[in-house]
Amino acid sequence: GGSDPWYMKRTIDHILATHTHFITDPDRTYPLGGINPRPPLFSWSIAVAGIAISTLTGLHLQSQAIWWALGIMPAIYGAFTVFPIYGAARRIFGESTGVLAAWLIALMPGHVSHSTFALADHDAFVVLFISLGIFCIVSALKSVGTERYVQTISWRPSDIFSAVKEVHRKRPDAIIWAALAGLCFATTALGWKG
């Protein structure tokens, strides 16, 4: 399938040409063809960013704007990663640890090398949404507190439902944070297969 940036560009070109996701690729297992192994969300985010850049600047979509989107978006995803890392570390350990954690993720060689300008790869996207999911889980656990909400614990569906209902009644923000964590992990799954 080629390197990740090459195949991402191939997938994005298909999206721009047909406004559909690349399902079957004739170049995979040539000459038989095969399934595109990349989930749609990262490729579509680049395509939409290219369309937005073209609309806002007047640059030609195929020859200029999409190349800017391919270069800029992984760097933006990588830059935004410092916020959930800061937030999770601050909620668990305090303000100074949050600042240190954000500073460390910004300077980590693995992070810097996968969130640079012009690296059309999904790694920064994945790290952003996984770290957002972790931040949401930490926020849910912090907002739920240490209070006991149910008297008995069991795996029966009725008991699980009543426990969730009780938490929702007493701490609705914990349920919202947990739902946001699920959305973050679902976004990761729709953007990267690994």
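See the structure printed just above.
The structure contained in this document is the topic of the report that follows. (Residues numbered from 1 in each chain as written. Predicted model: local features only at pLDDT ≥ 70, side-chain atom pairs only at ≥ 80, totals over all residues. Heavy atoms only, no water.)

## Brief notes about the side chain of His122
Counted only if it meets this: A helix here means a DSSP run of H or I that spans at least four residues, while a strand means a run of E at least two residues long, and both kinds are numbered starting from the N terminus. Relative accessible area decides the class of each residue, using a 1.4 Å probe on protein chains only: under 20% of the type maximum gives buried, over 50% gives exposed, and in between gives partly exposed. Here a polar contact is recorded for every N or O atom pair within 3.5 Å, except that within protein the pair must consist of a potential hydrogen donor and a potential acceptor, and residues adjacent in sequence are included only if both atoms are side-chain atoms. Contacts were defined at the residue level, with two residues in contact if any of their heavy atoms lie within 4.5 Å.
Relative to the assigned elements, His122 resides in the loop between helix H6 (109-113) and helix H7 (123-144). A residue is classified by how much of its surface remains accessible, and His122, at 6% relative accessible area, is buried. At 3.0 Å, the side chain of His122 forms a polar contact with the side chain of Trp192. When sequence neighbours within four positions are dropped, the list of residues in contact with His122 reads Asp4, Met8, Phe42, Gly191 and Trp192.

## Describing unusual backbone geometry
Residue Pro31 is reached from Tyr30 by a cis peptide bond, and omega for that bond is 5°. Tracing the sequence through the fold places Pro31 in the loop between strand S1 (24-25) and strand S2 (34-35). The phi dihedral of His19 falls on the positive side, at around 60°, and the residue is not glycine. Relative to the elements of secondary structure, His19 occurs in the loop between helix H1 (4-18) and S1. Phi at Thr29 takes a positive value of approximately 45°, unusual for a residue other than glycine. Within the secondary structure, Thr29 sits in the loop between S1 and S2.

## As for the packing of aromatic side chains
The criterion, for reference: Each aromatic pair joins two rings of Phe, Tyr and Trp (for Trp, the six-membered one) with centres within 6.5 Å, and gets the label stacked for planes under 30 degrees apart, edge-to-face for over 60, and tilted for any other angle.
The full count for this structure, using the stated rule, is six aromatic pairs. Between Phe42 and Tyr77 the ring centres are 6.3 Å apart and the planes differ by 50°, which places this aromatic pair in the tilted class. Of this pair, Phe42 sits in helix H2 (residues 40-57) while Tyr77 sits in helix H3 (residues 61-80), placing them 35 residues apart in sequence. For the pair formed by Phe42 and Tyr77, the shared burial category is buried. Ring centres 5.1 Å apart and planes at 75° place the aromatic pair Tyr77 and Phe125 in the edge-to-face group. Placement of the pair is Tyr77 in helix H3 and Phe125 in helix H7, with a sequence separation of 48 residues. Note on Tyr77: relative accessible area 10%, which makes it buried. A connected cluster of aromatic rings, assembled from ring pairs, spans Phe42, Tyr77, Phe125 and Phe129.

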